[in-house]
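Spelled out from the first residue to the last, the chains are:
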Amino acid sequence: MTASGRSVAATLERATRLPLETLMTEAAALRDAAHPRLVSYSRKVFIPLTKLCRDVCHYCTFAERPRAGAAAYLAPEEVLAIARAGAAAGCQEALFTLGDKPELRYRAAADALAARGFRSTIAYLAEMCRAVASETGLLAHVNPGVMTDADLALLRPVSVSMGLMLESAAERLMAPGEVHHGSPDKHPAARLECIRLAGERRIPFTTGILIGIGETRAERIEALLRIDELHRRHGHIQEVIIQNFRAKPGTRASAAPEPGLEELLWTIAVARLIYGPAMNIQAPPNLSPAAYPALIRAGLNDWGGVSPVTPDHVNPEAPWPETTALAAATAAEGKILVERLAIYPAYVAAAERWVDAALRPRLLEAADTAGYARLDRWSPGLAVAAGPWAAALAPEVDGTVRRLVARAGAGEPLAESDLAALFAVRDRDFRYVIAAADALRREVAGDTVRYVVNRNINYTNICYFRCRFCAFSKGKTSDALRGTPYDLALEEVVRRAREAWARGATEVCLQGGIHPDYTGATYLALCRAIKAAVPAMHLHAFSPLEIRQGAATLGIGIAEFLSELKSAGLGSLPGTAAEVLDDPVRAVICPDKLTAVEWLEVVATAHRVGLATTATIMFGHVEDAFSWARHLRRLRDLQERTGGFTEFVPLPFVPLEAPLYLKGGARRGPTLREAVLMHAVARLALHPALPNIQTSWVKMGVDGVKLCLEAGANDLGGTLMNESISRAAGTQHGQELPPEQMQEIIAAIGRRAEQRDTLYRPALPERVAAAESAAPLAPVIETPVGDPRALSRLVVRTA
């Protein structure tokens, strides 16, 4: 009886009694509870650091004896050449496989290590992992045989995951005449101890069994249950491999019978029934090339590593499948092939626990929001091509996706779990969701794409909040900052507003850092000055954070302060500072900012006093799809109560100069698929409460906004004239997109353009004419900190 209360006998009895098809059906259903649509694989390069080994497994052709003139180990330059070839071919994983402790058996191995200054194979392996990471960025997964606790500690900072096949728990296979005789490192107790130690070290670990080497079905089950015991204790087994023995010429087991396909399918199904839905169960595809459909039906959800560069050095007679063929075969079974990293998504999501701090930046760089491999070069703000989408392979749209889309289209609010499922779609499901969102856009908003001629005026970049994603803020003072701090003069703000009006603007958008010397009176003075100079200009100003800070400095409530601002000319609020309305995420990216509830309270209060707001999300950094779903549900719930949101604006995280990214603490923004999907899912999630979905050309670029406009978005936002915040974060898409370029983008996708105002009314003809004949912008003046004309020096009255 195992610690989980399951016995080998009971498990074997049921698995033997049931027909294989029944077992496989149960296993597949169990798999689908956690892995309903995706089957993963890792694109790897195989680095055989040494083929010397102190063990003499009777089935192995990988291990070699020392030969005159042959190097005992790959030289560093050879290792790096293989790794560079893998990186050039798009690999994400460097798989180091090697013989077990050859220096303990062969003087040639010990001497070769000593000549390079190493006392052990493990020490040399650690150095090569470090070199590969430094030179190529590949994430190392190591299979060096049985490891001690000291070995594991040495390798953890340089390898993102490790592996050791248990192979079998049957000690009798160590006896004379059996396959493991003469191989001390194949003793089950030694291997189980290594797996246990890896759990204590919090190392994502790969293990599994080798079937057909003389073991019985009961012994297979015993091995699977022993692995399960260790996983239940430590949670570190990221995958279990069911590998079928292949007889190889020249080995002692060359005449041994190979297990049949039914044995392999039976074992995969039993493994799934033992481990349950969540475990990743793998069978190497190159060892069963004609059986892909059956393997999927037996309950696996991973194909393991596949290399476009190097052979399978352990099974050189079995070539890797082409990934296109693997994807097609996977699709034929109603599944979608997805590329993963050396560690699985659950461990990527919990990287602070499972991955050494030195490796986390590279892991985040390589991962998408779901924790799978990031495959595109596109990143928000980068001037690189966006699209087109790869051809869809799945023959049918997933039934659950169809049902969720239908419910959303009917106006039914979707649960967070439903929205997270929509955010996970890929391949044909992705195409279906964006097409459905676009059809809903056409139904709700028509074929007119609107834009507003406006000007952003960011009046200061001094801020005493410590948002870790922000490249715009310059801190409390002007000392030792990332750039030149400024604090605009009121006269410069007014000049910019006048110039914007002359160029056809209907709106100025006022936002800035939270300057420690600004008070609510400062914000009131800004409104009064601009309205006095340009009475017809709409003031779209002040984030909920600025509103809360302004009210606090005046010692009044938020509703009272908003009413004063409205009387001073404020027309609406930008819904920024929302970031992600999920407090665990906010605790990481903006720990001293408003909580989610506080943001919602300020916005709800603005709606109650008659001020419309936008709604935003800033996404693609440390959060996950459930955070996105929670954010959208909170926005919908508020909109259904107040009706005060004019539009929803997804703002992809621009990482290029963001401190959190530069310090290795964030992903490099959403992938293109994720960014477009945010617009599509928002269209579905917010229907019918919020009809306008805007796409940001500053973040997405021209190609990107076209994709979004065909995926549920109906608005191109503002021309901006000046854009400081995204520019500080590193965007390469410019500061202004004038009306003629807006119109070109819209015409290119076959839609009609219309200039609007902030509240989605058509712009007056004279505004349109002024915008179309706008003069070039005059140079801006960024008033230096300490200038007596600066806003922070302004002495104002509150009434």
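### Focus on the overall build of the protein chain
For the protein chain, the count of helices and strands is 30 helices and 18 strands. Taking 799 residues into account, the globule formula puts the C-alpha radius of gyration at 28 Å, and the protein chain, at 31 Å, falls close to it. For the protein chain, the spread of C-alpha atoms along the principal axes amounts to about 100 × 60 × 45 Å. The buried share among the 799 residues of the protein chain stands at 61%. A fraction of 78% describes how many contacts in the protein chain between residues 6 or more apart in sequence connect residues 24 or more apart. Computed over 89 positive and 88 negative side-chain charges, the inter-centroid distance for the protein chain is 1 Å.

### What to know about the side chain of arginine 751
With respect to the helices and strands, the residue arginine 751 is situated in the loop between helix H29 (739-748) and strand S18 (752-756). There is no salt bridge for the buried arginine 751, and the closest opposite charge comes from aspartate 447, which lies 4.1 Å off by N-O distance. A distance of 3.0 Å separates a polar side-chain atom of arginine 751 from the backbone oxygen of leucine 709. Polar side-chain contacts of arginine 751 include one of 3.5 Å to the backbone oxygen of alanine 713.

### Regarding the packing of helix H15 (residues 399-409) against helix H17 (residues 427-445)
Interaxial distance between H15 and H17 falls to 11 Å at its minimum, and their mutual angle equals 15 degrees. By the angle between their directions, the pair H15 and H17 is classed as roughly parallel. The handedness of the crossing between H15 and H17 comes out as right-handed. Seen from H15, the contacting residues are Val401, Arg402, Val405 and Gly409; seen from H17, they are Asp429, Tyr432, Val433, Ala436 and Leu440. Residues of the contact of H15 with H17, tallied by class, amount to six nonpolar, one polar and two charged.

### Thoughts on the sheet that holds strand S16 (residues 645-652)
Within a sheet, neighbouring strands are paired by backbone hydrogen bonds and run either parallel or antiparallel to one another. Read from one edge to the other, the open sheet built from six strands follows the order S11-S12-S13-S14-S15-S16, with strand pairing classed as parallel. One side of each edge strand has no neighbouring strand; the edge strands of this open sheet are strand S11 (454-458) and S16. Recorded for the sheet is a direction-independent mean angle of 25 degrees between the axes of neighbouring strands.

### Notes on the packing of aromatic side chains
Tallied over the entire structure, the rule returns 13 aromatic pairs. Note on tyrosine 73 and tyrosine 124: the rings are 5.8 Å apart at their centroids and 90 degrees apart in plane angle, and the pair reads as edge-to-face. Linking tyrosine 73 in the loop between strand S1 (38-48) and helix H3 (76-88) with tyrosine 124 in helix H5 (residues 121-136), this pair joins segments that are 51 residues apart in sequence. An identical accessibility class is assigned to tyrosine 73 and tyrosine 124; each is buried. An aromatic cluster of three or more residues is present, and its members are Tyr459, Tyr518, Tyr523 and Phe542. A cation sits over an aromatic face here: arginine 767 above tryptophan 501, 3.6 Å from the ring centre.

### Let's talk about the side chain of arginine 441
Mapped onto the elements of the fold, arginine 441 is located in helix H17. Once residues lying within four places of it in the same chain are set aside, the contact partners of arginine 441 are Gly446, Asp447, Arg683, Leu709, Gly712, Ala713, Asn714 and Arg751.

### Describing the sheet that holds S18
Taking strand neighbours across the sheet as the criterion, the three strands line up as S17-S10-S18 in an open arrangement whose pairing is parallel. The open sheet has two free edges, formed respectively by strand S17 (715-718) and S18, since each of these has just one partner strand. Ignoring which end each strand starts from, the neighbouring axes of this sheet average 20 degrees apart. One ladder, built from two bridges, connects strand S10 (residues 448-452) with S17; its direction is parallel. What sits directly across from arginine 450, in S17, is aspartate 715. Of the strands in this sheet, S10 and S17 are in contact with helix H27 (residues 697-709), which crosses S17 at around 160 degrees.

### What to know about helix H18 (residues 490-502)
The end-to-end C-alpha distance of H18, which contains 13 residues, comes to 19 Å, matching closely the 18 Å that a straight helix rising 1.5 Å per residue would cover. For H18, the complete set of buried residues consists of Leu490, Glu492, Val493, Val494, Arg496, Ala497, Glu499 and Ala500. Close packing links the buried residues of H18 with S11, strand S12 (507-511) and helix H19 (520-533). Positive backbone phi, at 95 degrees, marks glycine 504, one or two positions downstream of H18.

### Things to note about the confidence of the model for the protein chain
Model confidence for the protein chain is summarised by a mean pLDDT of 94, while 96% of its residues fall at 70 or above. In the predicted structure, residues 476-481 sits below a pLDDT of 50 and forms eight contacts with residues beyond four places in sequence or in another chain.

### A short note on H29
Among the residues of H29, those classed as buried are Pro739, Met742, Ile745 and Ile746. All buried residues of H29 fall inside an arc of 125 degrees around its axis, so they share one side. Within H29, the exposed residues directed more than 90 degrees away from the buried face are Glu744, Ala747 and Ala748. Two residues or fewer past H29, glycine 750 is found with a positive phi of approximately 75 degrees.

Criteria and thresholds
Numbers given for residues are sequential positions, taken from 1 along each chain in its written order. A pLDDT threshold of at least 70 governs which residues receive local features in this predicted model, and a stricter bar of 80 or more applies before side-chain atom pairs are shown or counted, although totals over entire chains, interfaces and linings include all residues. Hydrogen atoms and water are omitted, and side-chain values are computed over all heavy atoms in the structure. Helix numbers and strand numbers start at the N terminus; a helix is a DSSP run of H or I with at least 4 residues, a strand a run of E with at least 2. The globule rule used for comparison is 2.2 Å times the number of residues to the exponent 0.38, while the radius of gyration itself is calculated over C-alpha atoms. Only protein chains enter the calculation, and the probe is 1.4 Å; a residue is then buried if its accessible area is under 20% of its type maximum, exposed if over 50%, and partly exposed in between. Whether two residues are in contact is decided by their heavy atoms: any pair within 4.5 Å suffices. Asp and Glu count as negative and Lys and Arg as positive, but His and the ends of the chain are not part of the count. To locate a charge, take atom NZ for lysine, CZ for arginine, CG for aspartate or CD for glutamate. A pair is scored as a salt bridge if a Lys or Arg side-chain nitrogen falls within 4 Å of a carboxyl oxygen belonging to Asp or Glu. Pairing of N or O atoms within 3.5 Å defines a polar contact, subject to two protein rules: one partner must be a possible hydrogen donor and the other a possible acceptor, and residues neighboring in sequence count only if both atoms are side-chain atoms. Lines fitted to the C-alpha atoms define the axes, with helices restricted to the stretch that makes contact. Angles between their N-to-C directions range from 0 to 180 degrees. Each angle gets one of four labels, with under 35 degrees taken as roughly parallel, over 145 as roughly antiparallel, 65 to 115 as roughly perpendicular, and the rest as oblique. Each crossing gets its hand from how the near helix is turned against the far one by less than a right angle, where anticlockwise is left-handed and clockwise is right-handed. Ten residues, namely Ala, Val, Leu, Ile, Met, Phe, Trp, Tyr, Cys and Pro, are considered nonpolar, four, namely Asp, Glu, Lys and Arg, are considered charged, and the remaining ones, Gly among them, are considered polar. Pairing between two strands is assigned when DSSP locates at least 2 bridges connecting them. Working definition: rings of Phe, Tyr and Trp (its six-membered ring) pair if their centres are within 6.5 Å, and the pair is stacked with planes under 30 degrees apart, edge-to-face with planes over 60 apart, and tilted otherwise. Any Lys NZ or Arg CZ found within 6 Å of a ring centre and within 35 degrees of that ring's normal is scored as a charge over the ring. Helix span is expected to be 1.5 Å times the residue number reduced by one. pLDDT: the predictor's confidence for each residue, scored from 0 to 100. Here the arc refers to the set of directions running from the helix axis out to each C-beta atom.

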